[in-house]
Every structure is written in structure tokens, then in C-alpha cells.
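# Observations on the model geometry
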2 protein chains.
Amino acid sequence: MKRFAIGVDLGGTNLRVAAVDDAGRLLEKTARSMRALGGRDAVIRQLCQDARELAARHGSAGTCVGVGVGVPGILYLEKGVLRRSPNLPGWENFAVRDAIASQLGLPVRVDNDANLAALGEKWRGAGRHVASLCLLTLGTGLGGGLILDGKIWHGFLGMAGEIGHIPVVENGAPCGCGSRGCLETEVSATAIVRKAQALLAAGATPALAEEVRRGERGAPLTAELVYRVASAGDRACRELFDSFGKYLGLALAGLVNVLNFPLYVIGGGVSAAWDLFSPAMFSELCARSYVFAEGSTRVARAELGADAGLYGAAALALGSAA
Amino acid sequence: MKRFAIGVDLGGTNLRVAAVDDAGRLLEKTARSMRALGGRDAVIRQLCQDARELAARHGSAGTCVGVGVGVPGILYLEKGVLRRSPNLPGWENFAVRDAIASQLGLPVRVDNDANLAALGEKWRGAGRHVASLCLLTLGTGLGGGLILDGKIWHGFLGMAGEIGHIPVVENGAPCGCGSRGCLETEVSATAIVRKAQALLAAGATPALAEEVRRGERGAPLTAELVYRVASAGDRACRELFDSFGKYLGLALAGLVNVLNFPLYVIGGGVSAAWDLFSPAMFSELCARSYVFAEGSTRVARAELGADAGLYGAAALALGSAA
């Protein structure tokens, strides 16, 4: 008898729901704007309706064994309760698991979204041939997840994988976590925009200034714009991605030396700038990790894009990512 | 039926052998100078003789189930072959396990000494009440070991736990590993001596200069001497331990944020300077890790001293550190 599961990515921006079978095929997915949905209870209702419809529509794929849900925050794992979530204001201490399970009558498992993205890449993405990996998701911030021998490593408080908060610059920029110079203050879309603003203020990048002027009718200063200007050859913007790569390489060196995993996966929207930041990343990593320099450790791009979390959530429900 | 095992610490300086029973009681231990023993084959012969005698003398403690051996280097674990060992020149590619097993006729397991010290602290030391811990051994260099859910985490090349090579100073002092500014260039006996030499050269510590002059008839400049002068109130030497604590705290913050273990254990000879370096260590760790600031993560001193590796080696042979 075949099996499938519903994977849910409950993000700050979008609610995404998918049906994934136990062979790892994504059968169908839906996406809705969280803003359009309104408050927490409306979101949960919609989520359950989407899940119900997908489950019904793909009944021919086998039995729907349950629902996995990724949330952007820290959980009380055993209870499926969201403990803290800056990206879902008003959801603190909300019993996500029970709220969904009581409406659907199916087993529900909840985990952190970065952990589930790592699990997804392990199951069906860049990590499908290894037992352990570390995923770094480069986006607005820098998220992380650790897979150890096929399973998510949560740590004793469910707070493991906070890779964005590895210190990399002793007296660096202030970080939202209260520290300074954390990896995500150097390696994230936010970091690129902050540094580009400094370049603009210093008059160091006429090309970017020109783009921003043109964009004033609509497009704001984004990491993507900085990337385009750098790609077109602007030296100051290129150096910004060199620095990005250097600090990413420095943090990876620490991870490689401590964890000795076979694979580190770089995902998230900003990983699209791979061609600009990866040369400095690899060069720093080689210089700072004799373990990496041995040659068999890999750093590779993620393969599932924004769907990684959906695969991971389904894998959680299927219990099948080993 | 009771069981016991032989634990061996095959160090660069000393060969130590102990009998430890399955309740974790150290029944007897021996120690010999490696230099006095001569070459590799003589060391192995002596090791086997000590093991045989201990096994015979403690036959009343039950069955001797085997031998665990800690070596300072990187191993081919499955084969029990020493791959690389700066502290045991001439032992490269030596089949430690088989050499001992063939003489003793007992099961032999070999592992890295820092890993076994971590396992020892887990079994009978500071970590006996937790499932996972990270041990940092502060000595000439800085060694490390990770215990995950009761078991040594080796990594896929057997190179995990190289905590001494986490980058902490971007343009720091050169490290033996080929990088710069690794943790052990700031947090080790070698680091203290190097920095004390710089203080002496700059005339910044008359008190230490006086001690060194007095010691010229015998005692060299050691980390211990610097510690004594700092303890007596010398400001420059105290600041040296502040800096030591600061970088240790910075590296711990990264570990805490990524691993989220309940316990980090600080051992090794230089951990005796705990009173001088730990205030700066805790202050830096609090500032740089909101996970630590939550309050339930512990950083504690090791409890087994130089015997940690003997307990760990015995635990390996007994398979009983869970």
C-alpha cells in the first residue's frame, strides 16, 4: 500500500501546502499570501482546508498518513507549541499541532522551518547521498539546520542550528540577537543592503547610485539589485560579495573543523549570488580548515529551492528521510 | 557476573594503563615515561605487559572484557590504524589495534584521546547527568571531543571535534594547522607563553620579568608561572587571562548557538586557571549567545583530570558509557 503526506510551510509571508508521496514525488502544491488570510485562526482554517483538499484529490496515491508543518520559530517540540516566532506575531505559545490535528483528525508533527528545509535537502535534494549535513539558508537573515545520521539535531532546548549567530567579526555590526558581528550581520540580504547603503553614502558606487535613482519610481535598494550591479562589473559591489564569501567561508571552516560532516548545503534566495561569493568562500575555507583541504568535504548549492521545507515537512510526517 | 576493562592513554609524554570496572571504579593505574620506553615496539610490549598484569591482578573484579586505547592523532577507526599523529612521530599508518590484540588475545578498540576524555567525562565526570556534551581540553594546544546522545561523534573522516581550529581572530597569529587566529592560538598554554613573551619584550610586566630572572637557574617561562604572577595581582598578566577567557567565550558562543548541548566541559592543565579566565569567558558567552543567556546551558570544569581518558578508554571497551 502506498503512502503520502501533507507538507506545510507556514511562513511569515506565505502559507504553502503540498502533497508528497513516500517516493518523494511532490504531487501538488498550493500557495497563499499570509497577509490576505488575516489572523491566526483564519490561517489554520485555510491550512486545514488546503490539506483536506489535497488529501482527497490524491487519494489514489495511497493513504494520507499525516501532516508535517514547518514554522519559523522556536518550538516546544513534544507539545507542538510555538514558543517564540518573530515572523509570526501573535502566535506565541500557540498549540499549532493540536489546533491542526483537531480539525483534520490526522497525526500532525511540527518542527522549525530551517530544520525541515535541511531534512528536505537530505531526503530529496543535495544531501540525498549523505547521512549528515548542515544547511545554511541565506535570506533576510541566515538560518540553519543540522541533519545527523539522517535525523534533525534539535539540541536539548530545540534551539540547535543557529548558524546565523556564530560570531565572525569581533567588533562587528549589532545583531538582532543582542550580540555583534554574528554571521548573519555579514552574510544575508540585510547585510548586503546595509553595506550597499554605506557604499552609496560614501559615493563609492556610481553605478548602483544610478540604478537606485532609476528605481525610485518603484524598486527599492535590494540585495538583488546590488547583485545585478556587481555582475555588470561594478568593483565596489563586487567587493561586497567577496567579503560576504569570505565570512561565509570563515564560519564554514569552524563548522567543518568541529562537525566533520561530508556536506554543507547553501540555500535560500541569496544563494543565487553563488557565482559572485563562492570563490572567496572556497578560498577562505581552504585556508582555514585543513579538514576541508583534505579534499572530501563538499560545499554545494541547495537543489530544492523554496520547496525544501515542503519536502522536509512531508518527510517528517512520513518518517521516511533516513 | 561482573566485568571490567583495561583503559590505556597512549600519550606523547606518558603511557598510562588502568583497570576500570563496569561500575566506573578505577581499580588501579600505572604510568610510565614514553621517552624511557624507547621506540614504538617497546611501547606496545610494555603496554601489553601492564595490561596483562592489571587484568590478572583484578581477576576478582570479574571478567576482563577488553582493552580501550586512546591515541593523540587521527585514526582509520574501523581498522584501528593511526593515520596521523604529530605527537607520536614514527607511528604513522601503524596498526595500533592489531598490534595490541595479537599480543593480548583480547578485543581492542582504539580512538582519539580527546574523544575518549570526552567519553570519560560523560560516563563518570562532569557529564554523567547529560546525554550530550562538548569537552574542550586546554593544554599545550586545545583539543576537543563531542558526545552526542551518549556516543562519540567522529564525523565522516574521524576528524570531528577540532575545536582548537575554530577561527576566532580574523588576522590572528599563525596556527600549526596552516590557518591564522584559530582558537588555540588564543586559548592554550602556548598562547599564554607567546603573549607573555611579548609583554616581557615590551617591558610591560616587571613582576613577570623578575620571576623569569629568578627562574633562570632552572624554571623556564611557563603558563603556570604567568598564572602565578597574574594571581599575585600583576595587571598585564591578568589581562592576558581576560583575553584568554574572552576568546574562549566567543568560541563557546558559536558552539552553543549551533549545537545547543546542555553542557560544555573545560578540562586540561590550563583549566586550573579557571578563576582568572572564567569571568571574561562567561561575560563574552552571555553577550554573544542568546541561547546561553536563556539560562539552562552549563559550562563547567572537568572532574576527572588526567584520568578522563582512562575512564573513556575503559568505557569504550566496556561499551558502557550510555
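Each remark here, short or long, concerns the structure printed above.
Reference entry: report on the structure contained in this document. Since this is a predicted model, take the numbers as computed values, not measurements. (Residues numbered from 1 in each chain as written. Chains lettered and ligands numbered in written order. Predicted model: local features only at pLDDT ≥ 70, side-chain atom pairs only at ≥ 80, totals over all residues. Heavy atoms only, no water.)

### Concerning the environment of A232 of chain A
Relative to the elements of secondary structure, A232 of chain A occurs in the loop between α7 (223-231) and α8 (235-259). Considered as a pair, A232 of chain A and A207 of chain A are 25 residues apart in the sequence and their alpha carbons are 9.2 Å apart. (Helix = DSSP H or I, 4+ residues; strand = E, 2+ residues; numbered from the N terminus.)

### Quick look at the environment of L10 of chain A
All names here are of chain A. Looking at where L10 falls in the secondary structure, it is placed in strand β1 (residues 3-10). On the accessibility criterion, L10 (0% relative accessible area) is buried. In sequence terms L10 and G70 are 60 residues apart; their C-alpha atoms lie 5.9 Å from each other. Among residues more than four places away in sequence, those in contact with L10 are L15, M34, V43, L47, V69, G70, V71, P72, L88 and W91. (Buried < 20%, exposed > 50% of the residue type's maximum accessible area, 1.4 Å probe, protein only. Contact = heavy atoms within 4.5 Å.)

### Let's talk about the sheet that holds strand β7 (residues 108-112) of chain B
All names here are of chain B. The five strands lie next to each other as β3-β2-β1-β4-β7, forming an open sheet whose pairing is mixed. Across the chains shown, the open sheet's two edge strands, defined by having one partner strand only, are β3 (26-33) and β7. Each strand of the sheet is rotated relative to its neighbour by a mean of 15 degrees, with strand direction disregarded. Pairing geometry for strand β1 (residues 3-10) and strand β4 (residues 63-71), over six bridges, is parallel. Residue pairing for β4: G7 is matched across the bridge by G68. Contacting β1, β2 (14-21), β3 and β4, helix α2 (residues 40-57) crosses the sheet at an angle of about 25 degrees to β2. Strand contacts of helix α4 (residues 113-124): β1, β2, β4 and β7, with the helix running at about 100 degrees to β7, the strand carrying the most contacts. (Pairing = 2+ DSSP bridges. Axes fitted to C-alpha atoms, helices over the stretch in contact; angles between N-to-C directions.)

### Looking at the relation of the copies chain A and chain B
Relating the two copies of this chain is a rotation about some axis coupled with a shift parallel to it. Least-squares fitting of chain A to chain B yields an RMSD of 0.0 Å, with the transformation described by 0.0 Å of translation along the axis and a rotation of 180 degrees. The superposition of one copy onto the other is thereby described by a two-fold rotation axis. Closest to the rotation axis within chain A is the C-alpha of V168 of chain A, separated from it by 3.6 Å. A shared interface surface links the copies, since 100% of the contact residues of chain A are contact residues in chain B too. (Least-squares fit on C-alpha atoms with pLDDT ≥ 70 in both.)

### Brief notes about the packing of aromatic side chains
Per the stated rule, a full pass over the model turns up 18 aromatic pairs over all chains. Ring centres of F241 of chain B and F244 of chain B lie 6.2 Å apart, and the angle between their planes is 45 degrees; this geometry places the pair in the tilted category. With F241 of chain B and F244 of chain B both in helix α8 (residues 235-259), this residue pair falls three residues apart, about one helical turn. Judged by relative accessible area, F241 of chain B falls into the buried class, the value being 1%. Residues F244 of chain B and F277 of chain B carry aromatic rings whose centres are separated by 5.0 Å and whose planes lie at 45 degrees to one another, so their mutual orientation is tilted. A residue pair is termed long-range when its members are at least 10 positions apart, and F244 of chain B in helix α8 and F277 of chain B in helix α9 (residues 274-288) qualify at 33 residues. Of the two residues examined, F244 of chain B and F277 of chain B, each falls in the buried class. One aromatic cluster is present, built from ring pairs that chain together Y227, F241, F244, W274, F277, F282 and F292 of chain A. The side chain of K79 of chain A reaches across the aromatic face of Y76 of chain A, ending 5.7 Å from its centre. (Phe/Tyr/Trp six-rings, centres within 6.5 Å; stacked < 30°, edge-to-face > 60°. Lys NZ or Arg CZ within 6 Å of the ring centre and 35° of its normal.)

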